[in-house]
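Understanding the architecture of this molecule
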Amino acid sequence: MSSQIYRSASRAVRSLLSTSRSSPLFHAEGRAVAAAAVTSCRGQVSSFSTFYGRANSKNASMGWFSGAVLLSGAAYMMQYQKVYADEMERTFIAIKPDGVQRGLISEIVSRFERKGYKLVAIKLVVPSKDFAQKHYHDLKERPFFNGLCDFLSSGPVLAMVWEGEGVIKYGRKLIGATDPQKSEPGTIRGDLAVVVGRNIIHGSDGPETAKDEIALWFEPSELVSFTSNAEKWIYGSN
């Protein structure tokens, strides 16, 4: 009887996991239910020995059910984090030396935050000329390559990784066109920059570029994975 209850609970959790891929709202609610189950059962079931010790008692079924909920809830929460991370994009965004020197860090960061994207890595660095050449390697045949690398390595750069649905494509929209003169009002470059040589910000232009740039600028240990309390208000569906 007890094993049947455990299998039933496990099947239910697997069903929840498969459903959660297509329902962002269910993500938040399912995680909350699992967390509540784990919390409520924590005081009742302390270890596997408790389960086995009570196997022949009149409360055996309840003990096994509590254990199933505890273990399945924990498994759900871990699997949820993996599913959620797989669905979220990450992009590399850098405020160039001109943006840092002009005191535009808070202005630029706030635009991504207000949109609903999540900051998962950030650091202030002064890249070397060699490092700048690695960053702009795809432009090495262009006549402006050397000057571009000199500029990027001329002062502090705020390197960031932002996470969210569609963050690569829409992050580029927030930034605006490469030439500020062609950027729409409301974009970062359209509002805050004047000439292309001082366009204050860089953003990955595609999934592969984002992956490469994040790996170039950050060690894996510098990237943080967490669930924001605001996400249910950003990604929930009715």
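Residues numbered from 1 in each chain as written. Predicted model: local features only at pLDDT ≥ 70, side-chain atom pairs only at ≥ 80, totals over all residues. Heavy atoms only, no water.

Our working rule: UniProt positions are given in the numbering used here, feature names are shortened, and annotations may be inferred rather than shown by experiment.
As annotated in an unreviewed UniProt entry, the protein chain is Nucleoside diphosphate kinase from Acorus calamus. You can read under Subcellular location (unreviewed entry) in the UniProt record for the protein chain the words "Plastid, Chloroplast thylakoid lumen". In its Function (unreviewed entry) section, the UniProt entry covering the protein chain states "Major role in the synthesis of nucleoside triphosphates other than ATP. The ATP gamma phosphate is transferred to the NDP beta phosphate via a ping-pong mechanism, using a phosphorylated active-site intermediate. Shows the highest specificity towards GDP."

**Describing the sheet that holds strand β1 (residues 89-95)**
Filter applied, for reference: Note on pairing: DSSP must find at least two bridges between two strands before they are called paired. Each helix is a run of DSSP H or I of at least 4 residues and each strand a run of E of at least 2, with the numbering of both proceeding from the N terminus. Comment: axis = line fitted to C-alpha atoms, over the contacting stretch for helices; angle = value between 0 and 180 degrees taken between N-to-C directions.
Judged by pairing direction, the sheet is antiparallel, and its 4 strands sit side by side in the order β2-β3-β1-β4 without closing on themselves. The open sheet has two edge strands, β2 (118-125) and β4 (201-203), and neither has a second partner. Neighbour-to-neighbour, the strand axes of the sheet open up by a mean angle of 15 degrees, direction not taken into account. In this structure, β1 lies alongside strand β3 (residues 157-164), joined through 7 bridges in antiparallel fashion. Within β3, the position partnered with Thr91 by the bridge is Trp162.

**As for the UniProt feature "binding site: ATP" (unreviewed entry) in the protein chain**
Applicable threshold: Cavity and pocket criteria rest on a 1 Å grid covering protein atoms alone: a 1.4 Å probe that fits but cannot get out defines a cavity, protein on both sides within 12 Å along at least 5 of 7 lines defines an open pocket, and an atom within 4 Å of a point defines a lining residue. In what follows, residue pairs with any heavy atoms lying within 4.5 Å of each other are defined as contacts. Whenever two N or O atoms come within 3.5 Å, that pair is a polar contact, provided that in protein one can donate a hydrogen and the other can accept it, and provided that, for residues adjacent in sequence, both atoms are side-chain atoms. Exposure categories follow from relative accessible area, calculated using a 1.4 Å probe and restricted to protein chains: below 20% of the type maximum is buried, above 50% is exposed, and the middle band is partly exposed.
As annotated in UniProt, the feature "binding site: ATP" (unreviewed entry) corresponds to Lys96, Phe144, Arg172, Thr178, Arg189 and Asn199 in the numbering used here. None of the other annotated residues line the largest pocket; only Lys96, Phe144, Arg172, Thr178, Arg189 and Asn199 do. Here Lys96 shows up in the loop between β1 and α5 (97-101). Among all residues touching Lys96, those that are not within four sequence positions of it are Tyr136, Phe151, Leu152, Pro156, Arg189, Asn199, Ile200, Ile201 and His202. Only 2.7 Å separates the side chain of Lys96 from the side chain of Asn199, close enough to count as a polar contact. Assignment of secondary structure puts Thr178 in the loop between α9 (167-175) and α10 (188-192). For Thr178, a relative accessible area of 47% corresponds to the partly exposed category. The residues touching Thr178, leaving out its near neighbours within four places in the chain, are Arg189, Val196 and Asn199.

**Some words on the pattern of salt bridges**
We apply this condition: Basic side-chain nitrogens of Lys or Arg form a salt bridge, by our definition, when they fall within 4 Å of a carboxyl oxygen of Asp or Glu.
Tallying each qualifying case throughout the model produces 7 salt bridges. Close ionic contact of Asp150 with Lys129 constitutes a salt bridge, the shortest N to O distance being 2.8 Å. Of this pair, Asp150 sits in helix α8 (residues 145-152) while Lys129 sits in helix α7 (residues 129-135), and the two are 21 residues apart along the sequence. For Lys129, a relative accessible area of 27% corresponds to the partly exposed category.

**Looking at α9**
To keep it simple, the criterion reads: Arc, as used here, means the arc of the directions from the helix axis to the C-beta atoms.
Within α9, burial applies to Val167, Ile168, Gly171, Leu174 and Ile175. The arc that holds every buried residue of α9, seen down its axis, measures 115 degrees, which confines them to one face. Contacts made by the buried residues of α9 are with β1, α6 (105-115), β3, α10, β4 and α11 (207-217). Two residues or fewer past α9, Gly176 is found with a positive phi of approximately 100 degrees.

**Brief notes about the nonpolar core**
Condition: Throughout this description, the term nonpolar core refers to a set of buried Ala, Val, Leu, Ile, Met, Phe, Trp, Tyr and Cys residues connected via side-chain atoms within 4.5 Å.
By size, the foremost hydrophobic cluster in this structure holds 20 residues, and its most contacted members are Ile108, Phe112, Trp162 and Ile201. At the level of secondary structure, the elements contributing two or more residues to this core comprise β1, α6, β3, α9 and α10. By residue number, the principal contributor to this core is α9, which donates 4 residues. Counting 16 residues, the second largest nonpolar core, distinct from the first, contains Val120, Leu139, Ile214 and Phe218.

**Focus on the pairing of β1**
Of all the 7 residues making up β1, 5 are buried; the element is thus mostly covered by neighbouring parts of the structure. Two strands pair when backbone bridges link them, and β1 and β4 are joined in this way by 3 bridges, in the antiparallel orientation. In the strand pairing of β4, Ile95 is matched with Ile201.

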